[in-house]
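# Coordinate inspection notes
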Amino acid sequence: MFNIAFPELMVIFTVALVVIGPDKLPKVARGAGLMMGRVRRFANDIKSDIDAELRSEDLKRLQLELQQQELQLNDELRRGMQPVEEVIRRPDQALIEAVKQASPASQSHETLNVEGVKD
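Residues numbered from 1 in each chain as written. Predicted model: local features only at pLDDT ≥ 70, side-chain atom pairs only at ≥ 80, totals over all residues. Heavy atoms only, no water.

Here we come to the confidence of the model for the chain. When the pLDDT values of the chain are averaged, the result is 80; 77% of them are 70 or greater. Within the chain, helix H3 (residues 91-106) has the poorest average pLDDT of any element, 65, and helix H2 (residues 25-89) the best, 88. Overall, residues 106-114 carries pLDDT values under 50, and its contacts beyond four positions in sequence, including any with other chains, amount to seven contacts. (pLDDT = per-residue confidence, 0-100. Helix = DSSP H or I, 4+ residues; strand = E, 2+ residues; numbered from the N terminus. Contact = heavy atoms within 4.5 Å.)

Taken together, the side chains of Asp45, Asp49, Glu53 and Glu57 define an acidic patch exposed on the protein surface. For Glu57, the position within the fold is in helix H2. Relative accessible area serves as the criterion here: at 40%, Glu57 is assigned to the partly exposed category. (Patch = residues over 30% accessible without salt bridge, like charges linked within 9 Å, V, L, I, M, F, W, Y side chains within 5 Å. Areas by Shrake-Rupley, 256 points an atom, 1.4 Å probe, with all protein chains shown as cover. Salt bridge = Lys/Arg side-chain N within 4 Å of Asp/Glu carboxyl O. Lys, Arg positive; Asp, Glu negative; His and termini not counted. Charge placed at Lys NZ, Arg CZ, Asp CG, Glu CD. Buried < 20%, exposed > 50% of the residue type's maximum accessible area, 1.4 Å probe, protein only.)

Inspection of every chain in the model, using the stated rule, returns three salt bridges. When the shortest N-O distance is used, the salt bridge between Asp58 and Arg61 registers 3.4 Å. Note that Asp58 and Arg61 are positioned in helix H2 at a spacing of three residues, about one turn of the helix. Of the residues examined, Asp58 reaches a relative accessible area of 40% and is grouped as partly exposed. Salt-bridge contacts for Asp75 lead to Arg78; the nearest nitrogen and oxygen are separated by 3.1 Å. Taken together, the residues span about one helical turn, with Asp75 and Arg78 both in helix H2 at a distance of three residues. For Asp75, a relative accessible area of 39% corresponds to the partly exposed category. It is possible to trace a salt-bridge network through shared partners that takes in Asp58, Arg61 and Glu65.

Here it is as structure tokens:
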């Protein structure tokens, strides 16, 4: 974290031993350790809060995109269903057109029986 090597750590420990004294050094070291733990927990809490907020923003953006795609899909389905709706609303007209389309093939006066012989 601070990129402190072992020799540098020994110098810091020696200076602390001289300045603080051997009788108070364990208490100060314990207090410093507790303080470092609190700082780490605080930093981890902030990091997790930021990550959760970012995930929340991503989810909101994704939800908005899905809603827009749903609206586009609904519009496409409506446009695709318009010809079907017209056929359903005017079944007589559709039937007449179907008969007209089928009639040129069936207007042949010659018909074949089951064996394929002309009548």
